Amino acid sequence: MAAGMLGLCGRRLLAVVATQGLPAAHVRWESSSSRAVIAPAVIAPSTLAGKRPSEPTLHWQEDPEPEDKNLYENNPDSTVMTRTLLWTSGTCGTFVAYLPDCRMQERARREAERLVKYREAHGLPIMESNCFDPSKIQLPEDEDLLVAKRAIKSTTFSTMPAILPSPQSP
Amino acid sequence: MLKYIIPTMMLMPLTWLSKNNMIWINSTLHSLLISFTSLLLMNQFGDNSLNFSLTFFSDSLSTPLLILTMWLLPLMLMASQHHLLKESPTRKKLFISMLVLLQLFLIMTFTATELIFFYIMFEATLVPTLIIITRWGNQTERLNAGLYFLFYTLTGSLPLLVALIHIQNTVGSLNFLILQYWAQPVPNSWSNVFLWLACMMAFMVKMPLYGLHLWLPKAHVEAPIAGSMVLAAILLKLGGYGMMRITLLLNPMTDYMAYPFIMLSLWGMIMTSSICLRQTDLKSLIAYSSVSHMALVIVAILIQTPWSYMGATALMIAHGLTSSMLFCLANSNYERIHSRTMILARGLQTLLPLMAAWWLLASLTNLALPPTINLIGELFVVMSTFSWSNITIILMGLNMVITALYSLYMLITTQRGKHTHHINNILPSFTRENALMSLHMLPLLLLSLNPKIILGPLY
């Protein structure tokens, strides 16, 4: 509780410092969101340590150090983020939306319509119920079937249940 | 294919030779650019796959997974920036190198033609992941987690190597493009039972199947955020992808061999969903939620119908994005309060309203809200399992209810209610975190407009 209140007070102090400047300390302060700089007239080498940021040009690209950034100011990172997101989604979305006939579905639809039109014009049935041409299927002779059956039976193990629900596909 | 592999390999010299203040920027930006080029894979032919060379090919199943893999690397890099702040530049570069290496192996796994190459890459992905979990995890339990993760997967996949070599000896080729046309019906014998088990157990452990899922809560919880993201989003889908490929060689044995695993998955999805309702650890909840969603995918792949395959593919992509986003959200909590306990940081909606919006969206997609692709995947799976056996509708319906329950429980516990006083001074959301969440959510929402690209080869 006390730590929380201390943290809040610390943050308020930082906000005051950011807007009104340091009371009387001999340190240099650079804003990370604007080009405001508060620097003492004479910089003694011993006071260079403190609030001087080490990489001034790259604040906005990494997480800000919580000790010396006022987090309630306007965030320039959000502009970059928004523009990145819009550009990314726009470009990728356009690419995906304008893919030419992905997996040939439009061509398949056109071909199907053409075939239907042809078959209706010629009085043929639109589709046969046989997937494969029955005349092309060659069944083995009866004796070969019996031999194959015996071979399969000898390799099957007896614990296999005889009745299994067969999977039905939609 | 080299247009993805060489830029990804070149990300490593990029990180090692960057200036110390540019490592994150360089690697994130360049991996994002590489992920844009992955969209080129979507130019698929009608019945065939895109065959790049004798070694690599990609079809409608591996394309969305590849795009997801390459999309996730910049996201992982963005998510890891905070917890690596205090490390030395060398360790940061090592971490990024591990991620890039993992990415490389994953790309090669998803596009492998030769099944032994697939196996080698499949195993190779374990090594960087193990290093990421055990070296950069946060608690001492990470060593145990790494052990579980490594040895569960290794034990499951060593028989796969034996089975693949056996298939190479009997059939003559392990080139997947040839095998899918050359596969003969597998007759019923004890040795073929073990062949089926050997082929499938590796992927069952990876998915994970309910009885073999023990590694997942440990590994997901102990891994750093990038490790959790890649584990949840991609590595689990390796199992699903492998199962979808290898079942082509194992017909018609799958019709009856799959029964125990279908039962385990149907029961497991309800069990793990119920466990989620009783979790106090946020990351553990998301990890068990992953097991539950993947159980649906296992059921879908094992019943082997066109609709179930479409549902499995859609569910894999949808879950990848959703689960990764949930881990990022949990990590944003963890970075503020350094604890994974849910109730310690509650009532966040008043403190971080934008993050609450991301929490809401992530929870809604997790519970498969229409019209997201999560729902499309789950719906296809529910419909196909119903036609497989009518009773499964009860289990599936129960699972959807419990999923909704724990997703809303997680949302309400972390976001709603009065916030505790000790989180009054948490840092506001970084732009980086908001960008991360939106980069997860944006593909998810955009895919709801055009889900046919993630419905797999049977669409």
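As a reminder, the structure under discussion sits directly above these lines.
What counts, and at which threshold
- Residues numbered from 1 in each chain as written.
- Chains lettered and ligands numbered in written order.
- Predicted model: local features only at pLDDT ≥ 70, side-chain atom pairs only at ≥ 80, totals over all residues.
- Heavy atoms only, no water.
- Helix = DSSP H or I, 4+ residues; strand = E, 2+ residues; numbered from the N terminus.
- Rg over C-alpha atoms; globule rule 2.2 N^0.38 Å.
- Buried < 20%, exposed > 50% of the residue type's maximum accessible area, 1.4 Å probe, protein only.
- Contact = heavy atoms within 4.5 Å.
- Areas by Shrake-Rupley, 256 points an atom, 1.4 Å probe, with all protein chains shown as cover.
- Lys, Arg positive; Asp, Glu negative; His and termini not counted.
- Charge placed at Lys NZ, Arg CZ, Asp CG, Glu CD.
- Salt bridge = Lys/Arg side-chain N within 4 Å of Asp/Glu carboxyl O.
- Core = buried A, V, L, I, M, F, W, Y, C linked by side-chain atoms within 4.5 Å.
- Phe/Tyr/Trp six-rings, centres within 6.5 Å; stacked < 30°, edge-to-face > 60°.
- Lys NZ or Arg CZ within 6 Å of the ring centre and 35° of its normal.
- Disulfide = S-S within 2.5 Å.
- Expected span 1.5 Å × (residues − 1).
- Patch = residues over 30% accessible without salt bridge, like charges linked within 9 Å, V, L, I, M, F, W, Y side chains within 5 Å.
- Axes fitted to C-alpha atoms, helices over the stretch in contact; angles between N-to-C directions.
- Parallel < 35°, antiparallel > 145°, perpendicular 65-115°, else oblique.
- Left-handed = near helix turned anticlockwise from the far one by under 90°.
- Nonpolar A, V, L, I, M, F, W, Y, C, P; charged D, E, K, R; others polar.

Draft legend 1. Spotlight on the overall build of chain B. Looking only at helices and strands, one finds 20 helices and two strands in chain B. Here the C-alpha atoms of chain B give a radius of gyration of 21 Å, agreeing with the 23 Å that 2.2 N^0.38 yields for 459 residues. Reported as C-alpha extents along the three principal axes, the dimensions of chain B are approximately 65 × 55 × 40 Å. Every one of the 459 residues in chain B was classed for burial, and the buried ones make up 65%. Once local pairs closer than 6 in sequence are excluded, the contacts in chain B between residues at least 24 apart make up 83%. Summing over all exposed atoms, chain B offers an accessible surface of approximately 15,700 Å²; the carbon and sulfur share of this is 70%. If the 21 positive side-chain charges of chain B are averaged to one point and the 12 negative ones to another, these points end up 12 Å apart.

Draft legend 2. Structural detail: the pattern of salt bridges. Tallying each qualifying case throughout the model produces eight salt bridges over all chains. Taking the shortest distance from any N to any O, the salt bridge between Arg-114 of chain A and Glu-111 of chain A comes out at 3.1 Å. Note that Arg-114 of chain A and Glu-111 of chain A are positioned in helix α3 (residues 105–121) at a spacing of three residues, about one turn of the helix. Residue Glu-111 of chain A is classed as partly exposed on the basis of its relative accessible area, which comes to 25%. Ionic pairing is found between Glu-433 of chain B and Arg-336 of chain B, a salt bridge with its closest N-O pair at 3.0 Å.

Draft legend 3. Molecular detail of the nonpolar core. All names here are of chain B. Ranked by size, the top nonpolar core spans 172 residues in total, and within it Trp-196, Met-243, Ile-246, Leu-302 and Leu-329 carry the most contacts. A per-element tally of this core places helix α14 (residues 282–303) first, with 16 residues. Those residues in contact with Leu-329 that sit more than four places away from it in its chain are Met-355, Trp-358, Trp-359, Ala-362 and Met-437.

Draft legend 4. Local environment of the packing of aromatic side chains. Residue and element names in this part refer to chain B. A full pass over the atoms with the stated rule returns 14 aromatic pairs over all chains. For the ring pair Phe-110 and Tyr-241, a centre distance of 5.2 Å and an interplane angle of 80° mean the geometry is edge-to-face. Note that Phe-110 is positioned in helix α4 (residues 89–111) and Tyr-241 in helix α11 (residues 225–246), a separation of 131 residues in sequence. Assigned by exposure class, Phe-110 and Tyr-241 land together as buried. Each ring, one from Phe-149 and one from Trp-215, has its centre 5.4 Å from the other, and the planes form 50°; the classification is tilted. On the criterion of sequence distance, the pair formed by Phe-149 in helix α7 (residues 142–171) and Trp-215 in helix α10 (residues 215–222) is long-range, its members being 66 residues apart. Grouping residues by exposure puts Phe-149 and Trp-215 together as buried. The cationic tip of Arg-135 hangs over the ring face of Trp-136; the distance from NZ or CZ to the ring centre is 5.2 Å. The residue whose ring lies beneath Lys-218 is Tyr-148, and the NZ or CZ to ring-centre distance is 4.6 Å.

Draft legend 5. Up close: the state of the cysteines. All names here are of chain B. In total, this model carries zero disulfides over all chains according to the counting rule given. As a non-bridged cysteine, Cys-328 has Cys-276 as the owner of its nearest cysteine sulfur, 18 Å distant. Taking the relative accessible area as the measure of exposure, Cys-328 reaches 2% and is therefore buried.

Draft legend 6. Representation of helix α19 (residues 392–415) of chain B within the structure. All names here are of chain B. Given a rise of 1.5 Å per residue, 24 residues ought to cover 34 Å, and the 34 Å separating the end C-alpha atoms of α19 matches this to within 8%. Where α19 is concerned, the buried positions are Thr-392, Met-396, Asn-399, Ile-402, Thr-403, Tyr-406, Ser-407, Met-410, Leu-411, Thr-413, Thr-414 and Gln-415. Those residues of α19 hidden inside the fold are in contact with α13 (259–277), α14, α15 (306–337), α16 (348–351), α17 (353–366) and α18 (373–388). Downstream of α19 by a residue or two, Gly-417 has a phi angle that is positive, lying close to 90°.

Draft legend 7. Expanded view of unusual backbone geometry. Here the amide bond leading from Met-207 of chain B into Pro-208 of chain B is cis, since omega sits at -5°, within 30 degrees of zero. Here Pro-208 of chain B is to be found in the loop between α9 (190–206) and α10. With an omega of -5°, the peptide bond running from Asn-251 of chain B to Pro-252 of chain B counts as cis. Mapped onto the secondary structure, Pro-252 of chain B falls in the loop between α11 and α12 (254–257). Phi angles above zero are rare outside glycine, and Asp-101 of chain A is one such case at about 50°. One non-glycine residue with positive phi stands out, namely Gln-304 of chain B, at about 55°. Along the chain, Gln-304 of chain B falls in the loop between α14 and α15.

Draft legend 8. Up close: the environment of Leu-14 of chain B. All names here are of chain B. Examined against the element boundaries, Leu-14 turns out to sit in helix α1 (residues 2–17). The sequence separation of Leu-14 and Lys-93 amounts to 79 residues, and the corresponding C-alpha distance is 9.7 Å. When sequence neighbours within four positions are dropped, the list of residues in contact with Leu-14 reads Asn-26, Ser-27 and His-30.

Draft legend 9. Seen up close, a nonpolar patch on the surface. All names here are of chain B. Where nonpolar side chains cluster on the molecular surface, the patch consists of Leu-2, Ile-6, Met-9 and Met-10 and spans about 380 Å² of accessible area. Within the element layout of this structure, Met-10 appears in helix α1. Look at Met-10 and you get partly exposed, because its relative accessible area is 48%.

Draft legend 10. Focus on the side chain of Thr-322 of chain B. Inspection of the secondary structure assignment puts Thr-322 of chain B in helix α15. Classification of Thr-322 of chain B as buried rests on a relative accessible area of 2%.

Draft legend 11. Local environment of the packing of α4 of chain B against helix α5 (residues 115–124) of chain B. Residue and element names in this part refer to chain B. Remark: α4 packs on α5, axes separated minimally by 8 Å, with the N-to-C direction vectors making an angle of 150°. By the angle between their axes, α4 is roughly antiparallel relative to α5. As for the relative orientation of α4 and α5, their crossing is left-handed in sense. Residues Phe-105, Met-108 and Thr-109 of α4 pack against Phe-117, Phe-118, Met-121, Phe-122 and Ala-124 of α5. Of the residues in the contact of α4 with α5, the class split is seven nonpolar, one polar and no charged.

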